[in-house]
Every structure is written in structure tokens, then in C-alpha cells.
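Take a look at the letters that make up each chain.
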Amino acid sequence: MCGIFGYVTNKEEALGPILISAAERLTYRGYDSVGAATLNNGKIDLRKDVGKVDSVAAKYNIAEMRGQRGITQLRWATFGEPSQINSQPHLDSDGDLVGAHNGNVVNNVELRQEFMAEGMTVRSQNDGETCVHAVERYINRGYEFIDAIRLAYGDLQGDYAFVIGRANDDKLYAFKKGSGMVVGLGEGFTCLSSDLPSILPLTRNVIRPQDGEIVTLWADRVEIRSVKDGKLIERQPELVTETMDAVQKGGFAHFMLKEIHEQPQVARELLHLLDGSPEVEHVIEKMKSADHLYLIGCGTSYHAASVGSVFFAQLAGRAAIPVLAPQFIAQYAPAVGHDDVGIFVSQSGETKDVLNALEAAEKRSMSCFGLANVVGSTLTKATSFCLPLCCGYEISVPATKTFTNQVVTFLYLAYRLAGKDTSELLRIPELMEQTIEMVGPQIEAIAKDINKWNDMYCLGYGATYPIALEGALKLKEITYAHCEGMLSTEFKHGPLSAVSKGFPIVFVAGPNDVPLIISGINEVKVRGARTITIAEEDARLRSNGDDLVVIPRSDPQISALLGVLPLQLLSYHMSVMRGFDPDFPRNLSKTLTVD
Ligand code: M6R
């Protein structure tokens, strides 16, 4: 979400077309507004607005913009609604500085108040403007530019990348914390961007700045200094040789695999954003006072809603009804009213089944909130407030990172409902990283072993039951095999008859449910099944089943979330081993706008 691009040359030239092309290459990250600024001979030209790149560029004639330095930014609204004033780049109080960021500054609200108290002109709610004032503050206090940036870096909390320039200068400055940033060195120019694909058509000579470093860009060179002591850091440029397609996939073979590996980072960004969002409070209050609470979605989004409903009950004693959107219309819509609350969950925000359910709920005056990934989608506009998922574009048809961020959102809401300290959740991204690393080779080997089977089951209990449903959906979606997700205790009520020698059954066991899961394992093992259990290390599970896929120790809720990662990887590897393209499975579409 959001993207920045900066360009420095040695003389005034037509930068508009360069900025527009760079902005277009950033669009895949998702955005709702566009801006461009050029700097030349003490003047800053700033043009920006809500809308698509082509329409904003045409409306403000961005193509005609000239300068010696240029910045463009695509914004995906988080702090502050999508509006012209909240669009980026932003000026400082006097219009001498201009800057833009991507990511989230989580102490935005506090810093803005401090800046206003210090007499600065704060024009928007946006945290990109906060980054500009954070530098301005120390310039006002008489610091040199680099030192002002070093001090600003210490004040800005969150994950972001930021570029700033001043009118009377010939350079741009950039730094980052948590988010990505790439600097390019070309013939007669330098540039920087949130990601590699947007600068690759300009140059393949790149430097990757690290957190805690400040980059200064001149037309013919770049300099990196440490935030800590201001000292110069030596770094040689690297030559990027991959194709554009490989670069867009971030070096992974498929978008699905890239998106699986992006999960820790998007979860980190989401958790910071939720902590800084004043609107979340409103949703929590409404949930607390709701008569009935419904969590409504389809496919993967419904599974996330189902995990959420277990979390709400387990952690906050709050009953919530997860329901497939079309069934909501038939089963609940006739009975809901003004005192009920619905959270409509959708990655795309365009699923017709979900929008139909929303319409039915609104007819009955139910309070409706959204949880969506695609900003600007119908769901984000049609609900009074829509929580963002902050995943950036999810390109592969099988949902992965949007599922885990939906689950993280529900876990965060459950913590808030329960009055629990949400800072405990900040360990989730690291646990996700550990999980991916721990299970990788083992899952690939299991995928190879069971790949001949075209029929299997995935079983869970409590919070891992919907995780099992999600794993089964993923397997069906991209391996074209049949995999049924089920409550583990239900298996003996019928499906047990399907078990034959070697029949693969995956169990996902929460740390509190081990004895129950062991009963299930034994029932199928004595009938010849091959069991694969995803769980925390446990001697009982190790001695009872076949494969134990160990995930890191956490707690029952986080453990359920982690349990989906091996299932995503299992389905990915099985799909690839079968010769299918997991990103674009046959017959399916990423966005289902039909009944
Ligand atoms: O965009 P949505 O979340 O509303 O989409 C709902 C389902 O179509 C979607 O989750 C689908 O099940 C996924 N492709 C599964 O990976």
C-alpha cells in the first residue's frame, strides 16, 4: 500500500512524464490518490488529488511539470480520508520543504498536536505530512539538514519509507524504517522508490538502504550516512539481472509464494496501523453494545470470520455469528434490526454475494462495518466505516496474506473487547517468520509423499476448525484434488468409512486440544490413514501420529493463526508438483461480481 518515487537530475528538465510513468508502475500496490512535486531554483510545484494516475495527471497536467528534482506518491488512505488535502506529497509550514512517505507513522496523532503547539502549519490528517514537519521542527531549531533528519527519525514511530527535498538545494534525502526502499543510479540521474519494479526500467544499478540509514541523492552519486552517529557508510551498488516478471515476483517462483512470505510484514504493518487508528474505537464500542453480532463473508473471508468468532468467544465472552453471505440473507436478515451489528469481510470488497447481504442488512437498519483489502472498493464506500487490511495488492487468486491479516484484525478486536494488552500481539510477525522457516522443507517433503492422492481430509477443533476449512479450500482451489475440511470430532460420524491404507488426513491441533485430537488421530490411524499433524511440539502427538509439523510455541489463538501457514505451503507445493499454476487456477476469478 502506498508508494513513493523520487528522481534527481543535474539540470531543469521535463520530469512530468518520468513521474507519471513511475507512478503507473507503483499502481499495483493499491492507491486512492496521486501526487507529484517538482523542485527547481528555490521553487516547488505541487499537484495532487484523489483519483487514478491517468485522471489526476490529465486534470493537473502533470506531464508539463519541469524541475531538477521530482517526487511522486500514490496514497492508500489510512490516516485521514482520501481527499486532496490528505494526498501526498506535503509541504512544510513555509512551503520550503516537500516530502512523501509510504507506510504508517503510528504516533501521527500525538506528533501533529506537538507540531501545532509549536506553531507549525499542519494542513492535513495524513502522516506523510507529519514526516515533513518532523524534519522542519529541527530545521527551525537551527540544525543542519542531515542532523534534522537524524533527530526526526528518532521521533517517527512505525514502518515507513520517506523522501524529502528542499526548494533551495540540488538533492533529495530519504530514509526508511521497516518498509522497503531501493535507490537507483542511472546515467546523469539517481532515483529511489518503495520497490524495485518501479525503477527497473530506468536503471539496473541499485543500492538497498537499511533501517537507520539516511540516503542523500545527487544527480551523479548517492551518499549513505548512519542515523546513529551521522558517519558515512560505504555500500557498492549491485546489478539487478532478473527479468521484470521475476522482479515483480520478488525472486519467488509465483505470486502465491511471495504473498505467503509477505505475511509477517503485512501483519506487522497492520498491527501498527490498528493501534494508531481512532476509528477502531468506534467499531469496538458498537460491537460491545450490539444485540447480535454477525461476521459475514464468502470463501476464505468467511473462514477468517469463523476464526474471529471463536476468538471473540474465547477471549472476550462475546458471541458472534459467522455466516456465509448468501445464507445471511436467508437465515438472519429477516430477523436483524437496528441494535444488531454486522462486519462484512471481503478481500476484494466487490464480492456480489457480500454486497447483496450488506444491502439486505441495511434495509433492516443494521449497523454495518466492513473489513476489506481493496481501498476504494464498493464495500469500503458502502459501509459507514471499513477497516483496512493493509496487504497491498494480492495478485494470486488463492488468498493468503489477506486471510492472515483478516484473522489478525479479529484477534486484535477480540483483545480490545477483552481489555487485553494488544502489545502482546506484536510478537505475531516474528512467530510467522519462524513458522515459515521451520516448516518449509518438511512440508515440501510431505507434499511429495501425498501428492498421488486425489482425496484427503483436513481436520481441526475450536479455532483450528476454520483453519482446517481454509486449508482444505486452498488445497481444492489449486491442486484440483478433493479435500474436505471438517470438525475433527465429526469424522467418526461418517467419513471414517473412506479411510484406506495411506489415506492422508491432516490435523491442526491447538495447544489445549491435544488429547481430543489424539483420539481423532488414533481412530483413523488404526484404519490405515497417514496422519500429518500441525501443532506445537508435543511428545504425545509425536508418539501417536505419523508426521508432526512443528510450529512455534505461542497461545491457543496465535497458534491457530500460525497453523494456516503450513497448509498454504502444502497446497502451493502440491499444485506446483502437479504442474499447475497456483496463481491462476482454472475456472476461478479473484473477484466474483456475480450471483
Ligand atoms: O474478495 P473476497 O474476500 O470477498 O472473496 C471471497 C472468495 O471468493 C475468496 O475468498 C475465495 O474463496 C479465495 N480465492 C480463496 O482463496
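Keep in mind that this is a model prediction, so the values were computed, not measured.

Asker: Before we go on, may I ask you to explain the overall build of the chain in this structure?
Answerer: Counting secondary structure elements, the chain contains 18 helices and 25 strands. For 595 residues, the compact-globule formula gives about 25 Å, and the C-alpha radius of gyration of the chain, at 25 Å, lands near that figure. Across its three principal directions, the C-alpha atoms of the chain cover 80 × 55 × 45 Å. Looking at the chain as a whole, 61% of its 595 residues are labelled buried. A fraction of 70% describes how many contacts in the chain between residues 6 or more apart in sequence connect residues 24 or more apart. Total accessible area on the chain stands at roughly 21,800 Å², and carbon and sulfur atoms take up 49% of it. Of note, the chain has its 56 positive side-chain charges centred 2 Å away from the centre of its 73 negative side-chain charges.

Asker: Mind showing me how you'd approach the packing of helix H15 (residues 464-479) against helix H18 (residues 556-577) here?
Answerer: Geometry of a packed helix pair, given as the angle between the helix axes and the separation of the axes. Between H15 and H18, the shortest axis-to-axis distance is 9 Å and the interhelical angle comes to 15°. As judged from the angle between their axes, H15 and H18 are roughly parallel. Seen from above, H15 lies across H18 with right-handed handedness. Judged by residue contacts, Thr464, Ile467, Glu470, Gly471, Lys474, Leu475, Ile478 and Thr479 of H15 engage Ala560, Gly563, Val564, Leu567, Leu570, Ser571, Tyr572, Met574 and Ser575 from H18. Residues of the contact of H15 with H18, tallied by class, amount to nine nonpolar, six polar and two charged.

Asker: Teacher, can you tell me more about the site of the ligand here?
Answerer: Near the ligand lie 15 residues; those nearest to it are Ser301, Ser346, Ser348, Thr351 and Glu477. A distance of 2.6 Å is found between an oxygen atom of the ligand and a side-chain nitrogen or oxygen belonging to Ser346. The side chain of Lys474 places a nitrogen or oxygen atom 2.8 Å from an oxygen atom of the ligand. Contact with the protein chains covers 92% of the free accessible surface of the ligand, which is 410 Å². Of all the secondary-structure elements, those providing two or more residues to the shell around the ligand are helix H9 (299-316) and H15. Considering only residue class, the shell around the ligand consists of six nonpolar, seven polar and two charged. Shared between two domains, the shell around the ligand takes at least three residues from each, and those domains are domain 2 (252-420) and domain 3 (426-587).

Asker: Any chance you could explain the packing of aromatic side chains here in plain terms?
Answerer: Aromatic rings considered in pairs are described by the distance between their centres and by the relative angle of their planes. Applying the stated rule across the entire model yields 16 aromatic pairs. Look at Tyr294 and Tyr332: their rings are 5.0 Å apart centre to centre, the planes differ by 50°, and that puts the pair in the tilted class. With Tyr294 in strand E16 (residues 293-297) and Tyr332 in the loop between helix H10 (325-331) and strand E18 (341-346), the pair connects residues that are 38 residues apart, well separated along the chain. The interplanar angle of 85° and the centroid separation of 5.8 Å between the aromatic rings of Trp453 and Phe503 together place this pair among those described as edge-to-face. Of this pair, Trp453 sits in the loop between helix H14 (428-450) and strand E21 (455-460) while Phe503 sits in the loop between strand E22 (482-487) and strand E23 (504-508), placing them 50 residues apart in sequence.

Asker: Would you take a moment to explain the domain arrangement of the chain for this structure?
Answerer: By a widely used convention, the size of an interface equals the accessible area lost when the partners come together. Each assigned domain of the chain is listed with its residue range as follows: domain 1 (3-248), domain 2 (252-420) and domain 3 (426-587). Each of domain 1 and domain 3 has a C-alpha centre, and these two points are 44 Å apart.

Asker: Just checking my understanding: could you explain helix H16 (residues 514-525) for this structure?
Answerer: Side chains of residues three or four places apart in an α-helix project in the same direction, reflecting 3.6 residues per turn. Its twelve residues give H16 an end-to-end C-alpha distance of 16 Å, which sits within 8% of 16 Å, the value for a rise of 1.5 Å per residue. Looking only at H16, the buried set comprises Val514, Ile517, Ile518, Gly520, Ile521 and Val524. Each buried residue of H16 lies within a common arc of 160° when the element is viewed along its axis, so the set occupies one face. Where the residues of H16 are buried, they touch E23, strand E24 (530-536) and helix H17 (539-544).

Asker: Would you take a moment to explain the sheet that holds E18 for this structure?
Answerer: In any sheet, the strands associate via hydrogen bonds between backbone groups, in a parallel or an antiparallel arrangement. Read across the sheet, five strands follow the order E17-E16-E18-E19-E20 without closing on themselves; strand pairing throughout is parallel. Single-partner strands in this sheet number two, and they are strand E17 (321-324) and strand E20 (385-388). Each strand axis lies, on average, 25° off the axis of its neighbour in the sheet, ignoring direction. As paired elements, strand E19 (residues 367-372) and E20 share four bridges and run parallel to each other. Directly across from Gly370, in E20, lies its bridge partner Cys386. Against the sheet, H9 engages E16, E17 and E18, with an angle of about 170° to E17.

Asker: Could you clarify how one ought to interpret the pairing of E23 in this entry?
Answerer: Both faces of the sheet carry side chains from a regular strand, because those side chains alternate between them. Counting buried positions along E23 yields five of five residues, so the element is predominantly enclosed. The alternating pattern of E23 places Pro504, Val506 and Val508 on one face and Ile505 and Phe507 on the opposite face, and all of these are buried. Across four bridges, the pairing between E21 and E23 is parallel. Considered in E23, the bridge of Tyr457 is made with Ile505. Judged from the five bridges that link them, E23 and E24 form a sheet pairing that is parallel. Each bridged residue has a counterpart across the sheet, and for Val508 the counterpart in E24 is Ile534. Note on the crossover from E23 through H16 to E24: the handedness is right-handed.

Asker: Which parts of the structure should I look at to understand the sheet that holds strand E8 (residues 172-177)?
Answerer: The strand order E5-E6-E7-E8-E12-E13-E14 describes an open sheet built from seven strands, whose pairing is antiparallel. The open sheet is flanked by strand E5 (90-91) and strand E14 (232-233), the only strands paired with a single partner. Two elements, strand E13 (residues 222-226) and E14, share two bridges in a ladder whose sense is antiparallel. If you follow Ile224 over to E14, its bridge partner there is Ile233.

Asker: Sorry if this is basic, but what is going on with the nonpolar core here?
Answerer: Generally speaking, nonpolar side chains in soluble globular proteins are found buried as a group. Counting residues in each nonpolar core, the largest one holds 102 residues, and the members touching the most others are Phe312 and Ile505. With eleven residues, the single largest contributor to this core is H18. Discounting residues that sit within four places of it in the chain, Ile505 has contacts with Tyr457, Leu459, Phe491, Val499, Val524, Ala529, Arg530, Thr531 and Ile532. Of all hydrophobic cores here, the second largest spans 27 residues; its members include Val34, Ala36, Phe189 and Val240.

Asker: What is the right way to read the side chain of Thr300 from this model?
Answerer: Residue placement: Thr300 occurs in helix H9. According to the relative accessible area criterion, Thr300 is buried, its value standing at 10%. Only 3.1 Å separates the side chain of Thr300 from the side chain of Lys474, close enough to count as a polar contact. Excluding anything up to four places from it in sequence, Thr300 contacts Ala399, Phe403, Gln406, Glu470, Leu473 and Lys474.

Rules used throughout
- Residues numbered from 1 in each chain as written.
- Predicted model: local features only at pLDDT ≥ 70, side-chain atom pairs only at ≥ 80, totals over all residues.
- Heavy atoms only, no water.
- Helix = DSSP H or I, 4+ residues; strand = E, 2+ residues; numbered from the N terminus.
- Rg over C-alpha atoms; globule rule 2.2 N^0.38 Å.
- Buried < 20%, exposed > 50% of the residue type's maximum accessible area, 1.4 Å probe, protein only.
- Contact = heavy atoms within 4.5 Å.
- Areas by Shrake-Rupley, 256 points an atom, 1.4 Å probe, with all protein chains shown as cover.
- Lys, Arg positive; Asp, Glu negative; His and termini not counted.
- Charge placed at Lys NZ, Arg CZ, Asp CG, Glu CD.
- Axes fitted to C-alpha atoms, helices over the stretch in contact; angles between N-to-C directions.
- Parallel < 35°, antiparallel > 145°, perpendicular 65-115°, else oblique.
- Left-handed = near helix turned anticlockwise from the far one by under 90°.
- Nonpolar A, V, L, I, M, F, W, Y, C, P; charged D, E, K, R; others polar.
- Near = heavy atom within 4 Å.
- Polar contact = N/O pair within 3.5 Å; in protein donor to acceptor, adjacent residues only side chain to side chain.
- Domains from an automatic or database assignment.
- Phe/Tyr/Trp six-rings, centres within 6.5 Å; stacked < 30°, edge-to-face > 60°.
- Expected span 1.5 Å × (residues − 1).
- Arc of directions from axis to C-beta.
- Pairing = 2+ DSSP bridges.
- Right-handed = clockwise from strand over helix to strand, strands pointing away.
- Core = buried A, V, L, I, M, F, W, Y, C linked by side-chain atoms within 4.5 Å.

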